[in-house]
Amino acid sequence: MRIKEHPILTFEEKKELSFFFDGKEVFGYEGDTIASALHALGVKTLSHSIELHRPRGFYCAIGNCSSCNMIVNGKANVRTCVTLLVENMQVKTQVNKGDIYETN
Amino acid sequence: MKQIDLVIIGGGPAGLSAAKMAAESGLSSLIIERDFKVGGQLVKQTHMFFGSEKQYAKTRGIDIAKILVNDVLKYPELIEIMTDTTVVGLYKDKVVTLLQNDKYIKVQTNAIIIATGASEKVLAFENNDLPGIYGAGAVQTLMNVHGVLPGQNVVMVGSGNIGLIVSYQLIQAGVNVLCVLEAASEIGGYKVHASKLKRLGVDIKTSHSIKKAIGKEYLEKIVIGKLDDKWEFIEGTDEELVVDSLCISVGLSPLSNLLSMIETEMKYVSYLGGLVPLIDKNHETSIENVFVAGDVCGVEEASSAIVEGYLTGLVVAKKLGFVHPNYDELYLDFKDQLQNLRSGPFGEKLRLGLEEIMR
Ligand SMILES: Cc1cc2nc3c(=O)[nH]c(=O)nc-3n(C[C@H](O)[C@H](O)[C@H](O)COP(=O)(O)OP(=O)(O)OC[C@H]3O[C@@H](n4cnc5c(N)ncnc54)[C@H](O)[C@@H]3O)c2cc1C
């Protein structure tokens, strides 16, 4: 859910960005972090705990607690709360410690 | 390896102010910030600050951030800023390793100011890891920076200033705040903030806390209860509330882990929020030319973080041979401002805590 009216802040209309969440095309706005874009879409579960696979969302939003880590463009353990959304990003839910990826 | 006079870790109010004062003295510096923008915690604070003129009282936090950033941008030849860059290693010979875009970069420096701030504490209760349970500051970022709401029905745990302010801002953004829970028998934050909430009909439940969270994939309900004077739940006082979000605001702890990498002398001081370095009157740690400023050496406020930044920037510059033309005057003024900020009954615990870390 996005704020439409606010007594102090104004949120200007921003450019829409399309990206992929677990393979499905969705939209966010320029200036969003991956986590805020997903949240606006109602997606709260961003990662899973390693041992018990419990669902996890973001907690600190300052890139510290690692509970929002996801796989972004093939790279695991990306802190989605401090990573800006980019057009066509491939964002995936992470369920393990994360695999090492190949850059080409 | 890149050679830098002064490396400043963290681009919050403390780090930015340190860079400004160093530059005024003629010393160049590099600010390293892991977020994609500088400003630290200030970038989400829409409320007006307390304190005195000198620390921008009556100005909103977001506007103070702009002032501090503009100050730094006035010295493009002296201050370099690297955002999206995390300091991941610190060595005793003053080599700093940075991680930027999957690349490690090594920097050799003469002095370091660590201004990494603090992170929000978590609270232990059943299912405290469910999505929908956030730090209060995290929700503030989501709302005030990104314009996204955490949910529709929220309960706040903790009635310190942050808990009270963020509750108010949730209401401003259109969220229903069911109540604020406070384990102590009295409200923790300033009366003005509490009164604003009460006027809006928010119940601040003292001697109450969260017992457990309920939900499968995300938070659906919470159980709260009344506490006795030993902070134990009183049987038969359970109450179930339907919420989609829960904010935890039970204090911050200093992000001091980088200091441990160079074996800085540290001490656990609960009044300061956790593990903090021992410092001398100029904020120098037990390692020569490694300084600290802001929340990392004791959780306080943006106002004191700014002044501590100025003070360390001024002192470091002098140590490296760049003496500010008004050094003596500024030094006394900064010391004086810090003392004023910490005076009065609200500053008591802080004063005791700071005494414990003086070298
Ligand atoms: C919700 C909330 C409300 C508040 N309200 C008020 C108020 O009304 N008045 C007031 O005076 N104060 C308030 N404060 C407190 C104030 O925001 C802080 O005291 C102040 O921001 C501390 O400044 P700092 O520069 O020490 O740290 P921060 O502002 O936390 O900045 C630290 C910076 O360091 C960066 N960093 C951390 N680790 C690394 C690393 N390894 N590498 C690179 N960069 C790193 C962080 O990303 C961050 O940008 C509030 C705080 C919160 C959380």
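Basis of the calculations
- Residues numbered from 1 in each chain as written.
- Chains lettered and ligands numbered in written order.
- Predicted model: local features only at pLDDT ≥ 70, side-chain atom pairs only at ≥ 80, totals over all residues.
- Heavy atoms only, no water.
- Helix = DSSP H or I, 4+ residues; strand = E, 2+ residues; numbered from the N terminus.
- Buried < 20%, exposed > 50% of the residue type's maximum accessible area, 1.4 Å probe, protein only.
- Contact = heavy atoms within 4.5 Å.
- Lys, Arg positive; Asp, Glu negative; His and termini not counted.
- Charge placed at Lys NZ, Arg CZ, Asp CG, Glu CD.
- Axes fitted to C-alpha atoms, helices over the stretch in contact; angles between N-to-C directions.
- Left-handed = near helix turned anticlockwise from the far one by under 90°.
- Nonpolar A, V, L, I, M, F, W, Y, C, P; charged D, E, K, R; others polar.
- Core = buried A, V, L, I, M, F, W, Y, C linked by side-chain atoms within 4.5 Å.

**Q** Help me get a handle on the overall build of chain A, residues and values and all.
**A** Counting secondary structure elements, chain A contains one helix and seven strands. Listing each helix as α and each strand as β along chain A from the N terminus yields β-β-α-β-β-β-β-β. Each principal axis of the C-alpha distribution contributes one length, and for chain A these read about 45 × 30 × 20 Å. Per-residue burial for chain A yields a buried fraction of 45% across its 104 residues. Counting contacts in chain A only where the partners sit at least 6 residues apart, residues at least 24 apart contribute 42% of the total. Charge separation in chain A, taken as the distance between the mean sites of 12 positive and 12 negative side-chain charges, equals 8 Å.

**Q** Describe the packing of helix α4 (residues 161-172) of chain B against helix α5 (residues 191-199) of chain B, naming the residues involved and giving the relevant values.
**A** All names here are of chain B. As a packed pair, α4 and α5 sit with axes 9 Å apart at the nearest point and diverge in direction by 35 degrees. Of the two elements, α4 crosses α5, and the hand of that crossing is left-handed. Between α4, through N161, L164, I165, S167, Y168 and I171, and α5, the contact on the second element is made entirely by H193, A194, K196 and L197. Here the residues of the contact of α4 with α5 are counted per class, giving six nonpolar, three polar and one charged.

**Q** Quick one: what's the story with the nonpolar core, residue by residue and with numbers?
**A** One finds A:F19, A:F21, A:L38, A:L46, A:F58, A:V91 and B:L170 to be the most contacted residues of the largest nonpolar core, which totals 45 residues. Those elements giving two or more residues to this core turn out to be β1 (16-21), α1 (34-40) and β5 (69-72) of chain A together with α3 (136-144), β9 (153-157), α4, β10 (176-182) and α5 of chain B. Residue contacts for A:L38: discarding those within four places in its chain leaves A:F19, A:F21, A:V43, A:L46, A:M70 and A:V91. Among the nonpolar cores identified, the runner-up in size contains 41 residues, and B:I64, B:V69, B:V307 and B:L314 belong to it.

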